[in-house]
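# Chains, contacts and geometry: an overview
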Amino acid sequence: MLREWRIEFNQFLLLLAIGGGGGWMLGYPGVGFALISVPYCLWLLFRIKDMSRWLKSGAESDPPESTGVWGNMLDQLYQLQRRYKADINNLHQIITRAQQSTDAIKDAVVVVNKHGDLEWWNEAGGRLLGLKVKSDRGQSLTNLLRDPRFIQYFEAGNFDKPLDLPSTLNPNVVLQFQITAFGDGERLMVTRDVSRIHHLEKMRQDFVANVSHELRTPLTVIKGYLETFIDTLNSDQPHLKRGLSQMHQQTQRMELLINDLLLLARLESDDKERTMTPVSVPKILRQIHNDALAINESKQHKIILDIDTNLIIYGDENELRSAFSNLMMNAIKYTPENGRIELRWWADEEGVYLEVEDDGIGIDEKHLPRLTERFYRADQSRHAKSGGTGLGLAIVKHVLLHHDAKLEIVSDPGEGSVFTCRFPTRLTVKKENQSVA
Ligand code: ADP
């Protein structure tokens, strides 16, 4: 290009020299220069006009015919334009493929900008969430998905766990929302239809609840007869009496198990509107403490109560009683004779705490993450002796879930365990110096 420019420049200088020289010989050097420069400028202007017309037309056709530096320049522009078009075409194809593949996904994929407005979504976004391409683009996501639970989840910004909600388009469909933050405050929301899993889970819950319920009546009848037989049996039949007593004991265990299964089924069902009323936890803890002292006679544990008697929280009284008493009964079950158990209830700036500490058998660290699963036992060989149902901590977990609370377990085998329920501060009932009976 530089070479062509030099040739063009040299040619122009030569023409100027010829024009200037001729004019000088005739006594008019200025006229000679003008006779060369003016046509050259005109020629240049026409080239520029051709070029601008070609560029204006989109430079799609072949460039205007030209030689020298102009021809070269137009050729290069033409090549650049072709390369640029090819790149755009490639990009277009990549975008189309990406769009086709996201449209093929059954889950809705939605991109929301940092202001919470809808930017883009795939075909399933329209199907599952009812988003309309034309009218909804740029709208705030929470204007379109108005369920208060979704708005709270979206605005809280904690997307560690997904959120399951019934669809607003079809109440029989359950949708699961999973949000991931990316870029500069943007969010990617994936929504999938989890109705089948929910349906199966509901079937499982109903099955357990129904079976437990149906078992109750025959068990009560068997237990009643056993009690009558034991009472009426003569003392000269000790074998029979021992057998019947053991049967009676087992029916009692089955009764406990059925009661726990029914309680767990009730806790799991989301249908119930929970009544959150001020609960006098100190009062409950005193009752639990008294029950524990009565049960505990044979083991002679030292049971200490250390509670803030003015601390009252909003909650479901029956559920809380059940959870706390499960923790207390576990401490009694898994602490050998003459052990020490402490029941604490207090609050600080970060929360409200119920703590049960014992110096019992403790739990190996590897069991801790699974302890709240149904029927999970740290020590299988011990469970028959303990007489537990294996559902106690599962019940505790569900009760705490309903109260937005968390269960923390710290334990050392042979040293003892600390079970801490941490409730959010907002559940505290603000009452100055309230006395609790
Ligand atoms: P279980 O009816 O078997 O006590 P839970 O759900 O209440 O069922 O407890 C699950 C398991 O956790 C128990 O089997 C036991 O191994 C362990 N565990 C619970 N509480 C304690 C405790 N205070 N000390 C030692 N182990 C405990």
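Every value quoted in this text rests on a predicted model; they were computed, and no experiment measured them. (Residues numbered from 1 in each chain as written. Predicted model: local features only at pLDDT ≥ 70, side-chain atom pairs only at ≥ 80, totals over all residues. Heavy atoms only, no water.)

### Quick notes on the packing of helix H2 (residues 29–56) against helix H3 (residues 68–104)
This is how it is decided: Here, axes are lines fitted to C-alpha atoms. For helices the fit covers the stretch in contact, and angles between N-to-C directions go from 0 to 180 degrees. Secondary structure elements are defined from DSSP: runs of H or I of at least 4 residues count as helices, runs of E of at least 2 residues count as strands, and each element is numbered from the N terminus. To sort the angles, those under 35 degrees are grouped as roughly parallel, those over 145 as roughly antiparallel, those from 65 to 115 as roughly perpendicular, and the leftovers as oblique. Two residues form a contact once any of their heavy atoms are found within 4.5 Å. Gly falls in the polar group here, along with every residue not listed as nonpolar (Ala, Val, Leu, Ile, Met, Phe, Trp, Tyr, Cys, Pro) or charged (Asp, Glu, Lys, Arg).
Following both chains from N to C, one finds H2 and H3 inclined at 10°, their axes separated by 12 Å at the closest point. With respect to their mutual orientation, H2 and H3 come out roughly parallel. Here Trp43, Leu44, Arg47, Ile48, Met51, Trp54 and Leu55 of H2 come into contact with H3, specifically with Trp70, Met73, Leu74, Leu77 and Tyr78. The residue makeup of the contact of H2 with H3, split by class, is eleven nonpolar, no polar and one charged.

### What to know about the domain arrangement of the protein chain
To keep things clear, this is the line we draw: An automatic or database domain assignment provides the domain bounds reported here.
Taken as a whole, the protein chain is organised into domain 1 (2–99), domain 2 (105–193), domain 3 (197–269) and domain 4 (277–436). Summarising the inter-unit geometry, the C-alpha centres of domain 1 and domain 2 are found 55 Å apart.

### Notes on the packing of helix H11 (residues 317–333) against helix H13 (residues 392–402)
The condition is simple: Crossing handedness: left-handed means the near helix sits turned counterclockwise from the far one by under a right angle, and right-handed means the same turn made clockwise.
Where H11 contacts H13, the two axes come as close as 9 Å, and the packing angle between them is 145°. At the point where H11 passes H13, the crossing takes the left-handed sense. Contacts between H11 and H13 involve Glu319, Leu320, Ser322, Ala323, Asn326, Leu327 and Asn330 on the former and, on the latter, Gly392, Leu393, Ile395, Val396, Val399 and His402. The residue makeup of the contact of H11 with H13, split by class, is seven nonpolar, five polar and one charged.

### A word on helix H1 (residues 2–26)
Let me state the cut-off plainly: In a helix, the anticipated span is given by 1.5 Å times the number of residues less one. We call a residue buried when its accessible area falls under 20% of the maximum for its residue type, exposed when it is over 50%, and partly exposed in between, using a 1.4 Å probe and counting protein chains only.
With 25 residues, H1 extends 36 Å from end C-alpha to end C-alpha; this agrees with the ideal 36 Å at 1.5 Å per step. Listed in full, the buried residues belonging to H1 are Glu8, Leu16, Gly19, Gly20 and Gly23. Those residues of H1 that are buried lie in contact with H2 and H3. Trailing H1 by a residue or two, Gly27 shows a phi angle of about 90°, which is positive.

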